[in-house]
Amino acid sequence: DAMVIQNPRYQVTQFGKPVTLSCSQTLNHNVMYWYQQKSSQAPKLLFHYYDKDFNNEADTPDNFQSRRPNTSFCFLDIRSPGLGDAAMYLCATSPESGAVRYFGPGTRLTVT
Amino acid sequence: QKEVEQNSGPLSVPEGAIASLNCTYSDRGSQSFFWYRQYSGKSPELIMSIYSNGDKEDGRFTAQLNKASQYVSLLIRDSQPSDSATYLCATGGGADGLTFGKGTHLIIQP
């Protein structure tokens, strides 16, 4: 029973070509997060939503945007991907702020 | 700036032995502590959570927390080859403040 679903699992895009990653959850959690994880590094929080309230981390590049049209879905838009944006993108949810994160399987983004 | 420090390893442990993973954190206000296991190319999976000083046991796993020393550890008893993975320590306590360490790469040698 998948709880946090990410699509696609693997995404290849060209340098500068916009790409959208999607995340959905069946847990009805209030909080949804997007993390970026590069090889051998800690997951880095990009944004999170508490219900509809959007919270952007101070060092998240403007190139990254997010949308949460309803409780179940959240999207990550990368407007002009650069080679340095190649990473695993992890969506996570939690029932409340500060609580355990339930991670989706991730989307591996390759930029050519 | 909140920081979580872990020895990146690799930490090599013989099968059947106890693996001990350590983590220190800088934010004294942290209230929640988590250990995640991450296999190569996969997403993190929650192993243990701990909120109070002392030990918490779950099967072969024991989490230990010492808030005075700002130290949290994970013990894995009877280590199995399937325990080979990267273990991420994470701490948090605020509205969004879950901070991850870079992880310790654990190798269980058959």
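I will try to describe carefully the structure that is included in this document.

Conventions used here
Residues numbered from 1 in each chain as written. Chains lettered and ligands numbered in written order. Predicted model: local features only at pLDDT ≥ 70, side-chain atom pairs only at ≥ 80, totals over all residues. Heavy atoms only, no water. Pairing = 2+ DSSP bridges. Helix = DSSP H or I, 4+ residues; strand = E, 2+ residues; numbered from the N terminus. Disulfide = S-S within 2.5 Å. Buried < 20%, exposed > 50% of the residue type's maximum accessible area, 1.4 Å probe, protein only.

1. Notes on the pairing of strand β6 (residues 54–58) of chain B
Residues and elements named next belong to chain B.
Moving on, step 1. Two elements, β6 and strand β7 (residues 61–66), share five bridges in a ladder whose sense is antiparallel. Bridging across to β7, D58 finds its partner in F61.
Moving on, step 2. Linkage of β6 to β7, two consecutive antiparallel strands, is achieved through a turn of two residues, within which G59 is found at a positive phi near 65°.

2. A few points about the state of the cysteines
Moving on, step 1. Using the criterion set out here, one finds two disulfides over all chains in the structure.
Moving on, step 2. Bridging A:C23 to A:C91, the disulfide has an S-S length of 1.9 Å. In this structure, the disulfide formed by A:C23 and A:C91 twists by about -70° around the S-S bond and is classed as left-handed. Residue A:C23 is located in strand β3 (residues 19–25), and its partner A:C91 is located in strand β9 (residues 87–94); the two are separated by 68 residues in the primary sequence. No difference in accessibility class separates A:C23 from A:C91, as the two residues are buried.
Moving on, step 3. Each disulfide pairs two cysteine sulfurs, and for B:C23 the partner residue is B:C89, the sulfurs being separated by 2.1 Å. Across the S-S bond of B:C23 and B:C89 the torsion is about -75°, and the bridge reads as left-handed. A residue pair is termed long-range when its members are at least 10 positions apart, and B:C23 in strand β3 (residues 19–25) and B:C89 in strand β9 (residues 85–92) qualify at 66 residues.
Moving on, step 4. Residue class for B:C89 comes out buried when judged on its relative accessible area of 0%.
Moving on, step 5. The cysteine A:C74 is free of any disulfide, with A:C91 supplying the nearest cysteine sulfur at 6.0 Å.
Moving on, step 6. For A:C74, a relative accessible area of 0% puts it in the buried group.

3. Thoughts on the environment of A:N28
Residues and elements named next belong to chain A.
Moving on, step 1. Relative to the helices and strands, N28 is located in the loop between β3 and β4 (31–37).
Moving on, step 2. A relative accessible area of 61% means that N28 is categorised as exposed.
Moving on, step 3. Between the C-alpha atom of N28 and that of P95, which follows or precedes it by 67 residues, the distance is 7.8 Å.

4. What about the pairing of β3(B)?
Residue and element names in this part refer to chain B.
Moving on, step 1. Side chains A19, L21, C23 and Y25 project from β3 onto a buried face, and the interleaved S20, N22 and T24 project onto a face without burial.
Moving on, step 2. Inspection of the sheet shows strand β1 (residues 4–5) paired to β3 by two bridges, in the antiparallel sense. By the bridge assignment for β3, E5 is matched with T24.
Moving on, step 3. With six bridges connecting them, β3 and strand β8 (residues 71–76) associate as antiparallel partners. Bridge assignment links T24 to a residue of β8, and that residue is Y71.

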